[in-house]
Amino acid sequence: MAKASRRPALDAPRGRGGMLSRPPAPSRDRFGRFTEWVARAMGTPAFLLGLTLFCVAWIAWNTLMPEQYRFDSAANGFTALTLMLSLQASYAAPLILLAQNRQDDRDRVQIEQDRQRAERNLADTEYLAREIVALRMALTDLTGEVLTRDVLRTELRATLDRLDSAEAGEGSR
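All values reported here derive from a predicted model rather than from experimental measurement.

(A) Examining a nonpolar patch on the surface more closely. On the surface, F31, F34, W37 and L98 cluster together into a nonpolar patch covering about 440 Å² of accessible area. With respect to the helices and strands, W37 occurs in helix α1 (residues 30-42). Of the residues examined, W37 reaches a relative accessible area of 52% and is grouped as exposed.

If you want it as structure tokens, here you go:
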């Protein structure tokens, strides 16, 4: 009995074989999506309100509760609260920068696609302009007179009307 080859068949598209197919790999970009989520969440009024309520609750607890329940001293300027806010800020800044870099990459791709689309539109417009000039020259050769825009428009409208009536005749059959 022959062993099954581990090399993929070149005449079949990838991912169609029974032995060689594997489940899709999990996205490697979870951290990037997480950074965007953090950046979006930190810019919301709900986040600012939550952070404000957290700080008010922290200060109220450490000011109004009996001494044995306090964990951050007002006499020391709420050192633990300051450290917590510094820690939050030290993680927030790089996460926001990572999210901005991802957005810059997406913007760069979008700009490139827009540029390519504009180039195609320009090429199409130039092609249509050349075709109109060729039509004008062909009609000038046929009629022997110089065609103006109005004459060309009239001829093109008449041609379109003939095409529309021909299509209407085929559609009624």
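(B) Representation of the environment of T148 within the structure. The topology assignment puts T148 in the loop between α3 (79-143) and α4 (149-171). Its relative accessible area of 42% is what places T148 among the partly exposed residues. Considered as a pair, T148 and R136 are 12 residues apart in the sequence and their alpha carbons are 8.5 Å apart.

(C) Layout of the pattern of salt bridges. The final tally for this structure, using the stated rule, is nine salt bridges. The residue E119 makes a salt bridge to R115 at a minimum N-O spacing of 2.3 Å. Taken together, the residues span about one helical turn, with E119 and R115 both in helix α3 at a distance of four residues. Residue R115 is classed as partly exposed on the basis of its relative accessible area of 38%. Salt bridges sharing partners connect three or more residues here, namely D29, E36, R102 and R106.

(D) Structural detail: helix α2 (residues 45-64). When the terminal C-alpha atoms of α2 are compared, their 28 Å separation across 20 residues agrees well with the 28 Å that a helix rising 1.5 Å per residue should span. By the burial criterion, the buried members of α2 are C55, W58 and N62. With its buried residues spanning 60° around the axis, α2 presents them on a single face. Among the exposed residues of α2, those pointing more than 90 degrees away from its buried face are P45, A46, L49, L53, V56 and L64. Looking at the buried side of α2, the elements it contacts are α3.

(E) Geometry of the side chain of R102. Structurally, R102 is set in helix α3. A polar contact is formed between the side chain of R102 and the side chain of E36, at a distance of 2.9 Å. If we skip the residues at most four places from it in the chain, R102 touches D29, G32, R33, T35 and E36.

(F) Spatial organisation of the side chain of N62. With respect to the helices and strands, N62 occurs in helix α2. Reaching out from N62, the side chain makes a polar contact with the backbone nitrogen of F71 at a distance of 2.9 Å. Sequence-distant contacts of N62, defined by excluding residues within four places in its chain, comprise R70, F71, D72 and F78.

Conventions adopted
- Residues numbered from 1 in each chain as written.
- Predicted model: local features only at pLDDT ≥ 70, side-chain atom pairs only at ≥ 80, totals over all residues.
- Heavy atoms only, no water.
- Patch = residues over 30% accessible without salt bridge, like charges linked within 9 Å, V, L, I, M, F, W, Y side chains within 5 Å.
- Areas by Shrake-Rupley, 256 points an atom, 1.4 Å probe, with all protein chains shown as cover.
- Salt bridge = Lys/Arg side-chain N within 4 Å of Asp/Glu carboxyl O.
- Helix = DSSP H or I, 4+ residues; strand = E, 2+ residues; numbered from the N terminus.
- Buried < 20%, exposed > 50% of the residue type's maximum accessible area, 1.4 Å probe, protein only.
- Expected span 1.5 Å × (residues − 1).
- Arc of directions from axis to C-beta.
- Contact = heavy atoms within 4.5 Å.
- Polar contact = N/O pair within 3.5 Å; in protein donor to acceptor, adjacent residues only side chain to side chain.

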